[in-house]
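Overview (structure and organization)
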Amino acid sequence: MSEQSHKDKLADVLAAGINRRSFMKLMGSGAGLAAGSAIMGGSLVQSAMAAAPKRGGTIKLAWIDAVDTLDPHFTASLGSVKIINNVFNGLLKVAYDGQKVSFVPDLAETWEMPDDKTHVFKLRKGVKFHNGDPCDATAVKWSLERVKDPAVGSPHAWKFETLAGIDIVDESTIRMRFSKPYAFLPVALTGSTGRAGTIVSKRAVEQHGKAFGRNPVGTGPFKFAGWRENESITLERNPDYFEPGLPYLDGVQILLIKEPTAAVAAMMSGQVDGMSLSPFQFIPQLKANKNLKVYGEVEGNYSFVGMNNRRAPFDDPMMRKAVAAAIDRNVIVKQGYFDEAIPAYSCISPPMTGFYDKNIGKSGRGQRFDLKKAMEYRKQSKYQGEVNPVYIVAQGFTGSGGSGTRNSQLILPMLEKIGIKPKIELLDRAVWTKRRNGGDFDMYDEAWIADLDPDETIYPEWHSGKPWNFVGYSNKEFDKLLSEAQDTLNQATRKKLYDRAEDLLMADAPLAVLAHMKVFKILNKRVQGFQYIPVDLLNLHSVWLA
Amino acid sequence: MFQAASAKLAQTLLVLLIVSAASFAFLKLAPGDPVGIMLGSDYSKTSYDQLTHELGLDRPVVQQYGNWLADFVRGDWGTSYITNQDIFELAVMQALPVTLTLAALSLLIALVIGIPTGVMAALYRNSWADVLATTLAIGGNAFPSFYLGILLIWLFGVDLGWFPVLGFVAPWEDFWLGMWHLVLPAVTLGAWYVGLIARITRSSLLEVLGQPYILAARARGEPGWRVVWVHGMRNVLMPLVTVIGLQLGGMLRGAVMTEVVFALPGLGMMVTTAVLNREYIVVQAGIMLTGLLFVAVNLAVDQTYQFLDPRLRRR
């Protein structure tokens, strides 16, 4: 797949980070736990431990994001991933110490790289699937190969495209051989964002076939217990879970809810213990309720208005620059995101530590509101007089990181000041996707979310001819800088390259960036021990009810 | 007799056929497709084409319709693209009972409130009670059910905390818990009907109370309650049953909104989810089931006439 080359390079960087921290050489599961908690910032774990967790109880959660399937190798929804992460394990998992996201072993106990193309994983011993089958080297090999097998048709198959083979070294050790150095691997092997390395039970897959996604069998802290269509999903405690003493809860009841207002009402009245996500407009109300705790930080994302470079009027860079300068991001942050976001000046977001320019607001780099300049650009543009571009907006609270419709309404009067009167078309998501993918728009709202590396956040989106470059932006120099950054392992040099690339991108303005947003989990205060991870996860293994 | 029945049956089937063809065509005309939604953003052209082919969506639309219809009449309603669940099971065994329960309870609430309101309004015509009843009736009819639902949720669910605000508990598994969960949704959906029923009751009763036989009954010295509730209401039932039957469509429309607001896994919720995911065959199943329901209710209404009006009974 075309996506491969850049992921390779990214991989080198990530892999370099992993070796430096050398957290893979862990002996035994007990040591693994201790070391794991050290990485995760002992304070977090210890504070949870100090409160003497109570066993038992069922947590009731309102799930307002869509759940498509619980087959990790097929899901396309973060609403599913959050559940999958409680039922399955990856070879690795994502951890967060309050500062930095990292990858720590999950089903793997140690991870070694004899050379840059070979990865050796020693697995935890004695781990069992929920159906009693052992999760040994044979099982892991089969699961990984399932993702790659073209006959299976997993949409994540490309993540293992350069996987040359898997050897079983002994019953608890596997060796993955790649044809090229593959730095995206840590991301791919986690049970959450990558999904390709999530280990599923062979017998269950063969037993249920296509219906495996409705009958998932993994190794995680909770077993799948039932799914009532459009109603609820229930999980129950896995007594054989490999982290001793965990999980604390007896069960999890996930209520599938379409109307967020109803979920918020249930949350406020204490009828549910938590919410998987919340639209921005409810956050002030939820925060004001003293029984609730709102978890959420600015995650790796950016929302923007994309402008179609292929046709008038936004084939003229001056028009695009005018739009980018006419939008007051502070208003968007206040009224579009209810202050639960920060203004964006470029694409790279704060969690990408080492790449995010903390002074970008003052440095003069990136895009910013300047009405005078916007008017100047507009004067210099090819298209004088009033223009009426078509602005497509996706309905629903997931649009543009949660504020597509509101943003468009806020942007409308801003653009009117420079003689641009967009015609807003409010579409349902299926139609919007089709129009966006077909380039049938002048302006569109979008947000790229849950990214962990600058390459991920810019390259497939804005490099010439890449799949998510829906606006048809092309700048050879920009492309070259991105490729160079992929080849560069030195972080300081790499950052400089991204700075230059972003300066070009922001000046050409195929997009007007808007904001970096928080992503929320709401829990009742009686829910204890929750460890927030800023990649939209709701892991329940450490959670208990007071 | 047999001829009449078979003509009726043929007519019904034709209606259902037209409904199925029209809905199939409209769904196909709606832009967007299920494959893109199923695959999310991480997919290749190959997997897109592969899945399109697997689902049979690369075939001509007429052929797709033909295949679907042939399977449908044989009772094979297909499996959902996304959930892999048997659609007959999903629609008939799971969603339909929820919607029927909700509709029945709403109707019950509407009758219990609507009829006395209408009777009051008719008996004390143009008094303050009439104005109040009429205002309430029209208000209930005019208020959008999703908005009323949200108001009820906030007042009775959050502020007062009397009722659960979402979820469904099957009354046949736990009757009182199920009823408790259904109170707010049923009131929401029923409010719309209350107005309708009260208005019909009022106008029909006014008409009936002016009839000579009522005067005769009063002259015979029958008690007032008997005159109104036995002699009067008997003749109000006909128009009432007719209107209730005809307005079933409105009830089902309201059920869609109500189910979404209160997270009830009924037909409305099923169809809403399926429309958003462009799951053509699930939507199709929902529409057919609604069509069948509509036809069945109309048949039932036809039958009740014979009980309500002895003159219509066949000899």
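**Considering the overall build of chain B**
Of the regular secondary structure elements, chain B holds 13 helices and 0 strands. Order of helices (α) and strands (β) in chain B, N terminus to C terminus: α-α-α-α-α-α-α-α-α-α-α-α-α. With the C-alpha coordinates aligned to their principal axes, the bounding extent of chain B is approximately 85 × 60 × 35 Å. Taken over 315 residues, chain B has a buried fraction of 36%. Excluding contacts between residues fewer than 6 apart, the proportion of contacts in chain B whose partners are at least 24 apart in sequence is 70%.

**Some points on unusual backbone geometry**
A cis amide bond, omega -5°, links A:Leu246 with the succeeding residue A:Pro247. Structurally, the position occupied by A:Pro247 is in the loop between β9 (232–237) and β10 (251–256). Residue A:Pro313 is bonded to the preceding A:Ala312 through a cis peptide linkage, with omega at 0°. With respect to the secondary-structure elements, A:Pro313 resides in the loop between β13 (302–307) and α10 (317–326). With a phi angle near 55°, A:Asp536 is a residue other than glycine that sits in the positive phi range. Relative to the helices and strands, A:Asp536 resides in the loop between β19 (527–528) and β20 (544–545). Positive phi values are uncommon outside glycine, yet B:Asn126 reaches one of about 65°. When you line up the elements, B:Asn126 lands in the loop between α5 (87–123) and α6 (128–142).

**Quick notes on the packing of helix α11 (residues 248–262) of chain B against helix α12 (residues 267–276) of chain B**
Residues and elements named next belong to chain B. Two numbers describe how α11 lies on α12: the axes approach to 7 Å, and their chain directions differ by 85°. Here α11 lies roughly perpendicular to α12, going by the angle between them. On α12, the residues touching Ala-255, Val-256, Glu-259 and Val-260 of α11 are Gly-268, Met-269, Val-271 and Thr-272. Its residues placed into classes, the contact of α11 with α12 shows 5 nonpolar, 2 polar and 1 charged.

**As for α5(B)**
Here α5(B) is 37 residues long and its end C-alpha atoms lie 50 Å apart, about the 54 Å a rise of 1.5 Å per residue gives. Approximately 40° is the largest bend angle found in α5(B), and it occurs at B:Ala95, with the proline B:Pro97 only one to four residues beyond.

**Let's talk about the interface of chain B and chain A**
On the chain A side, the residues contacting the 41 residues of chain B number 34 residues. If you list the elements that add at least two residues to the side of chain B that touches chain A, you get α2 (34–39), α3 (45–54), α5, α7 (145–159), α11 and α12 of chain B. Per-class residue counts for the side of chain B that touches chain A are 23 nonpolar, 15 polar and 3 charged.

**Here's the deal with the packing of α5(B) against α6(B)**
All names here are of chain B. Between α5 and α6, the least distance of the axes is 8 Å, while the angle of their chain directions is 140°. Judged by the twist between their axes, the crossing of α5 over α6 is left-handed. Of α6, the residues touching α5 (which contributes Thr-117, Met-120 and Ala-121) are Ala-129, Asp-130, Ala-133, Thr-134, Leu-136 and Ala-137. Classifying every residue of the contact of α5 with α6 by side-chain character gives 6 nonpolar, 2 polar and 1 charged.

**Section: the sheet that holds strand β5 (residues 118–123) of chain A**
Residues and elements named next belong to chain A. Ordered in space as β4-β5-β7-β6, the 4 strands form an open sheet in which the pairing is antiparallel. Looking at strand neighbours, the two that pair on one side only are β4 (108–115) and β6 (163–170), the edges of this open sheet. Ignoring which end each strand starts from, the neighbouring axes of this sheet average 20° apart. Across 6 bridges, the pairing between β6 and strand β7 (residues 173–178) is antiparallel.

**Things to note about the pairing of β5(A)**
Residues and elements named next belong to chain A. Sheet topology places β4 next to β5; 5 bridges connect them, and they run antiparallel. For Thr-110, the partnering residue across the bridge sits in β5 and is Lys-122. Linking two consecutive strands that pair antiparallel, namely β4 and β5, is a turn of 2 residues.

**Digging into the nonpolar core**
With 219 residues, the main nonpolar core has A:Ala62, A:Leu255, A:Ile257, A:Ala262, A:Met267, A:Val323 and A:Ala512 as its most contacted residues. Ranked by the residues each element gives to this core, the list is headed by α5(B), at 15 residues. A:Ala262 has contacts with A:Ile257, B:Ile153, B:Val165, B:Leu166, B:Val261, B:Phe262 and B:Ala263, leaving out every residue within four places of it along the chain. Judged by nonpolar contacts, the second largest core, of 5 residues, contains A:Ala76, B:Val35, B:Met38 and B:Tyr81.

**Thoughts on the domain arrangement of chain B**
All names here are of chain B. One can read the domain layout of chain B as domain 1 (32–74) and domain 2 (87–312). Taking only C-alpha atoms, the centre of domain 1 and the centre of domain 2 are 39 Å apart. Contact residues are listed per partner, giving 5 residues for domain 1 and 5 residues for domain 2. Here the side of domain 1 that touches domain 2 is built from residues that sort into 3 nonpolar, 1 polar and 1 charged.

**What to know about the confidence of the model for chain B**
Low-pLDDT portions of the prediction should not be read for the details of their coordinates. All names here are of chain B. Averaged over chain B, the pLDDT score is 83; the fraction of residues at 70 or greater is 96%. When the elements of chain B are averaged for pLDDT, α2 gives the smallest value, 71, and α5 the largest, 88. The ipTM assigned to the predicted complex is 0.71, against a pTM of 0.77.

**Focus on the pairing of strand β18 (residues 511–524) of chain A**
Residues and elements named next belong to chain A. Counting buried positions over the 14 residues of β18 gives 14, a clear majority of the element. Pairing of strand β11 (residues 274–275) with β18 involves 2 bridges; the strand directions are antiparallel. Pairing of Gly-274 across the sheet is with Leu-523, part of β18. Taken together, the 7 bridges between strand β12 (residues 292–298) and β18 define a ladder with antiparallel strand orientation.

Cut-offs used in this document
Residues numbered from 1 in each chain as written. Chains lettered and ligands numbered in written order. Predicted model: local features only at pLDDT ≥ 70, side-chain atom pairs only at ≥ 80, totals over all residues. Helix = DSSP H or I, 4+ residues; strand = E, 2+ residues; numbered from the N terminus. Buried ≥ 20, exposed ≤ 12 C-beta atoms within 10 Å, placed from the backbone. Contact = placed C-beta atoms within 7 Å. Axes fitted to C-alpha atoms, helices over the stretch in contact; angles between N-to-C directions. Parallel < 35°, antiparallel > 145°, perpendicular 65-115°, else oblique. Nonpolar A, V, L, I, M, F, W, Y, C, P; charged D, E, K, R; others polar. Expected span 1.5 Å × (residues − 1). Bend = angle between axes of the 7 residues up to and from the residue. Left-handed = near helix turned anticlockwise from the far one by under 90°. Pairing = 2+ DSSP bridges. Core = buried A, V, L, I, M, F, W, Y, C linked by C-beta atoms within 7 Å. Domains from an automatic or database assignment. pLDDT = per-residue confidence, 0-100.

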